[in-house]
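These are the residues of each chain, in order.
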Amino acid sequence: MAEGGQLIFISGGVRSGKSSFAEKTAMSLAKSTHGNLHYIASGVAFDAEMKDRINRHQVQRNEGEQQWTTWEEPYFLHKLSTAFQSNDIVLFDCLTNLLNNRLFQTEERLMDPSFHEEIKKSIMDGILTIQKNCHTLIVVSNEILNEPIFSNDLVLVYAKLLGRLNQQVVSTAKEAYLVEAGIPICMKMEGDDVAFCNRRGL
């Protein structure tokens, strides 16, 4: 783990309950540490449905007794590198959207392997810098490799990039969870206390 705060990785398929579990984990940590809650949103409101979804999630987060500070950053996490303090609990949702946004930001280089490496390095540098400056960073991602991958070169490139990024984040994380049908399954915990790890979400 990088010097500084801890990193928690949470993944799952579409509508698996991973974001809900991530928010509950963040709120529980904030209560126990008396920390401040922050939410980094990487989604871009391309249409009315996405805009409504983003607004609905913002309202839901602030309906409870704990308040969130929301940061919208769909491209470059390092822009937020100095935004957080040592008692902050930061939830980043999600790695999948950020990678998508970065990959299609420069269409001329979509299939350029050197561009793919630049993206991976930029994203990981941003994650590790934020982790270093806060108490806990929770990273949410998708398990798209569980879904059928059609024989499209660009789709395959995206899937491989996300898979490699997920592995890099997990290698640094203190805890890693896979959420299926709303049930979090602990995949990693420092010290190998998986029983305790699984009790967090049940």
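Not measured: the values here are computed from a predicted model. Chains are numbered independently. Their residues run from 1 in the order of the written sequence. Only residues with pLDDT of at least 70 are given local features in this predicted model, and only at 80 or more are side-chain atom pairs given and counted; all residues enter the totals for whole chains, interfaces and linings. To get the side-chain values, take all heavy atoms of the structure and skip hydrogens and water.

Okay, the overall build of the protein next. In terms of regular secondary structure, the protein is built from six helices and seven strands. Relative accessibility under 20% of the residue-type maximum defines a buried residue, over 50% an exposed one, and the middle range a partly exposed one, all with a 1.4 Å probe and only protein chains included. Within the span of the protein, comprising 202 residues, buried residues form 45% of the whole. In the protein, the share of contacts with a sequence separation of at least 24, taken over all contacts with a separation of at least 6, comes to 71%. A total of about 10600 Å² of accessible surface is found on the protein, and carbon and sulfur atoms cover 51% of it. Segments assigned H or I by DSSP are reported as helices when at least four residues long, segments assigned E as strands when at least two residues long, and all are numbered from the N terminus. By definition in these notes, contact holds between two residues if any of their heavy atoms fall within 4.5 Å. Each accessible area value is a Shrake-Rupley result obtained with a 1.4 Å probe; residue values ignore everything except the protein chains displayed when judging cover.

Below, the discussion takes up the sheet that holds strand E2 (residues 36-41). What the seven strands build is an open sheet, ordered E3-E2-E4-E5-E1-E6-E7; its pairing is mixed. Each end of this open sheet is capped by a strand with a single partner; those strands are strand E3 (68-72) and strand E7 (183-189). Sheet twist, expressed as the average angle between the axes of neighbouring strands with direction ignored, equals 20 degrees. In this analysis an axis means a line fitted to C-alpha atoms, helices contributing only their contacting stretch, and an angle means the value between N-to-C directions, from 0 to 180 degrees. Along the sheet, helix H1 (residues 18-33) contacts strand E1 (6-12), E2, E3, strand E4 (88-93), strand E5 (136-142), strand E6 (175-180) and E7; its crossing angle with E5, the most-contacted strand, is approximately 175 degrees. Strand pairing follows a simple DSSP-based rule, namely that at least 2 bridges must link the two strands.

It is worth spelling out the nonpolar core at this point. The biggest cluster of nonpolar side chains holds 32 residues, and the ones touching the most others in it are Leu 95, Ile 127, Ile 130, Leu 137 and Val 139. Going through the elements one at a time, E1, E4, helix H3 (95-103), helix H4 (113-133), E5 and helix H5 (153-172) are the ones with two or more residues in this core. Here this core gets seven residues from one element, more than from any other, and that element is H5. In this view, Leu 137 contacts Gln 6, Leu 7, Ile 8, Val 90, Phe 92, Ile 127, Ile 130 and Gln 131; residues no more than four positions away in its chain are not counted. What we call a nonpolar core is a set of buried Ala, Val, Leu, Ile, Met, Phe, Trp, Tyr and Cys residues that are connected through their side-chain atoms within 4.5 Å.

Turning to the pattern of salt bridges, a few remarks are in order. A carboxyl oxygen of Asp or Glu within 4 Å of a side-chain nitrogen of Lys or Arg is what we treat as a salt bridge. On inspection of all chains with the given rule, the structure shows four salt bridges. In this structure, Asp 112 engages Arg 109 in a salt bridge whose closest nitrogen and oxygen atoms are separated by 3.4 Å. Residue Arg 109 is classed as partly exposed on the basis of its relative accessible area, which comes to 26%. Residues Lys 121 and Asp 125 are paired through a salt bridge, measuring 2.7 Å at the closest nitrogen-oxygen approach. Of this pair, Lys 121 and Asp 125 both sit in helix H4, four residues apart, roughly one helical turn. Lys 121 sits in the exposed class, given a relative accessible area of 54%. Taken together, the shared-partner salt bridges connect Arg 109, Asp 112 and Glu 118 into one network.

None of the figures reported here should be taken as evidence of function without further support.
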